Amino acid sequence: MITPTDVRLRSFQPADLPALVALEAALFPDPWSYETFASTLHHATTAAYVAEHREHLVGYALVRTAHDHADLLTIGVAPTHQRCGVGRLLIDTLIGHCRHVRVTALFLEVRRENHSAQAFYRRLDFVEIGVRRGYYRHPIDDAIVMQRVIGAVHE
Ligand SMILES: CC(C)(COP(=O)(O)OP(=O)(O)OC[C@H]1O[C@@H](n2cnc3c(N)ncnc32)[C@H](O)[C@@H]1OP(=O)(O)O)[C@@H](O)C(=O)NCCC(=O)NCCS
């Protein structure tokens, strides 16, 4: 059983892309392609972090900022490393980034059927603020929209 202290968090580097795409493909029914990641990561408004354990990429998270708010684009943790606090570390890092660039609210969409991710987000103080009907394809599903307000100082 790994602990968060066994995991190193750092900014994404282009050399991470193949491992990141492979992990995304293992986690999602409708994974982002290599090209989608490459073009998204190219934008100055995108921030990306990866989690490494013993030189292996075991988690990643991407956020896009726009003025005072940000969107969590995707987050994933390798099945072998889930429920060890890696997801929490990634979200905490994104929140730190958001605070640094004066973002006050972080939004995300999650599949209605993805109950485990919703539980994860609720645990990390995200609240449901709406539903987008038929937002997802492959398979079709609604999106639950969630928000976390980011305080200026301690949180
Ligand atoms: C969602 C995900 C990123 C969570 O990452 P993780 O590293 O397993 O999460 P953590 O270990 O940091 O969990 C933090 C807390 O969230 C909650 N949580 C996490 N996974 C949970 C699950 N499957 N069921 C219920 N609660 C869960 C727990 O309260 C947990 O604390 P605890 O382990 O002390 O009880 C990971 O499960 C994942 O990659 N899932 C597949 C991809 C995905 O669905 N991404 C989100 C798309 S919107």
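The structure we're discussing is the one just above.
Attention in this report is confined to the structure presented alongside it. (Residues numbered from 1 in each chain as written. Predicted model: local features only at pLDDT ≥ 70, side-chain atom pairs only at ≥ 80, totals over all residues. Heavy atoms only, no water.)

### A few points about the sheet that holds strand β1 (residues 8-11)
Part 1: Spatial strand order, β1-β2-β3-β4-β5-β7-β6: seven strands in an open sheet with mixed pairing. Looking at which strands have only one partner, the edges of the open sheet turn out to be β1 and β6 (127-136). The average undirected angle you get between the axes of adjacent strands in this sheet is 25°.
Part 2: Alignment of strand β5 (residues 105-111) against strand β7 (residues 141-149), held across seven bridges, turns out to be antiparallel. Each residue of the ladder has a partner; that of E109, found in β7, is V145.
Part 3: Sitting on the sheet, helix α1 (residues 17-27) touches β2 (46-53), β3 (56-66) and β4 (69-77), and the angle it makes with β3 is about 90°. (Pairing = 2+ DSSP bridges. Helix = DSSP H or I, 4+ residues; strand = E, 2+ residues; numbered from the N terminus. Axes fitted to C-alpha atoms, helices over the stretch in contact; angles between N-to-C directions. Contact = heavy atoms within 4.5 Å.)

### Here we look at the packing of aromatic side chains
The geometry of an aromatic ring pair comes down to the distance between the two centres and the angle between the two planes.
Part 1: Tallied over the entire structure, the rule returns five aromatic pairs.
Part 2: Ring centres of Y121 and F126 lie 5.5 Å apart, and the angle between their planes is 65°; this geometry places the pair in the edge-to-face category. The burial state of Y121 is the same as that of F126; both residues are buried.
Part 3: On the numbers, 4.9 Å between centres and 85° between planes, the contact of Y135 with Y136 is edge-to-face.
Part 4: Judged by its relative accessible area of 42%, Y135 falls in the partly exposed class.
Part 5: Classification of Y136 by relative accessible area gives buried; the value is 14%. (Phe/Tyr/Trp six-rings, centres within 6.5 Å; stacked < 30°, edge-to-face > 60°. Buried < 20%, exposed > 50% of the residue type's maximum accessible area, 1.4 Å probe, protein only.)

### A word on the site of the ligand
Part 1: Of all residues adjacent to the ligand, which total 20 residues, the nearest are V77, R83, G87, R88 and N114.
Part 2: One nitrogen or oxygen atom from the main chain of V77 is found 2.8 Å from an oxygen atom belonging to the ligand.
Part 3: R83 is positioned such that a nitrogen or oxygen atom in its backbone is 2.8 Å from an oxygen atom of the ligand.
Part 4: Starting from 910 Å² of accessible surface for the ligand in isolation, the protein chains cover 78%.
Part 5: Elements with a contribution of two residues or more to the shell around the ligand: β4, α3 (86-100), β5 and α4 (115-123).
Part 6: The element best represented in the shell around the ligand is α4, accounting for six residues.
Part 7: Across the shell around the ligand, the residue classes break down as ten nonpolar, six polar and four charged. (Near = heavy atom within 4 Å. Polar contact = N/O pair within 3.5 Å; in protein donor to acceptor, adjacent residues only side chain to side chain. Areas by Shrake-Rupley, 256 points an atom, 1.4 Å probe, with all protein chains shown as cover. Nonpolar A, V, L, I, M, F, W, Y, C, P; charged D, E, K, R; others polar.)

### Describing the nonpolar core
Part 1: Counting 44 residues, the largest nonpolar core has F37, Y60, L72, I91, L106, Y121 and F126 as its most contacted members.
Part 2: With residues up to four places along the chain from it excluded, the contact list for L72 reads L62, V63, I91, L94, L106, F107, L108 and Y121. (Core = buried A, V, L, I, M, F, W, Y, C linked by side-chain atoms within 4.5 Å.)

### A short note on the side chain of R111
Part 1: The topology assignment puts R111 in strand β5.
Part 2: A polar side-chain atom of R111 sits 2.9 Å from a polar atom in the side chain of D30.
Part 3: The residues touching R111, leaving out its near neighbours within four places in the chain, are P29, D30, Q118, Y136, R137, H138, P139, I140, D141 and D142.

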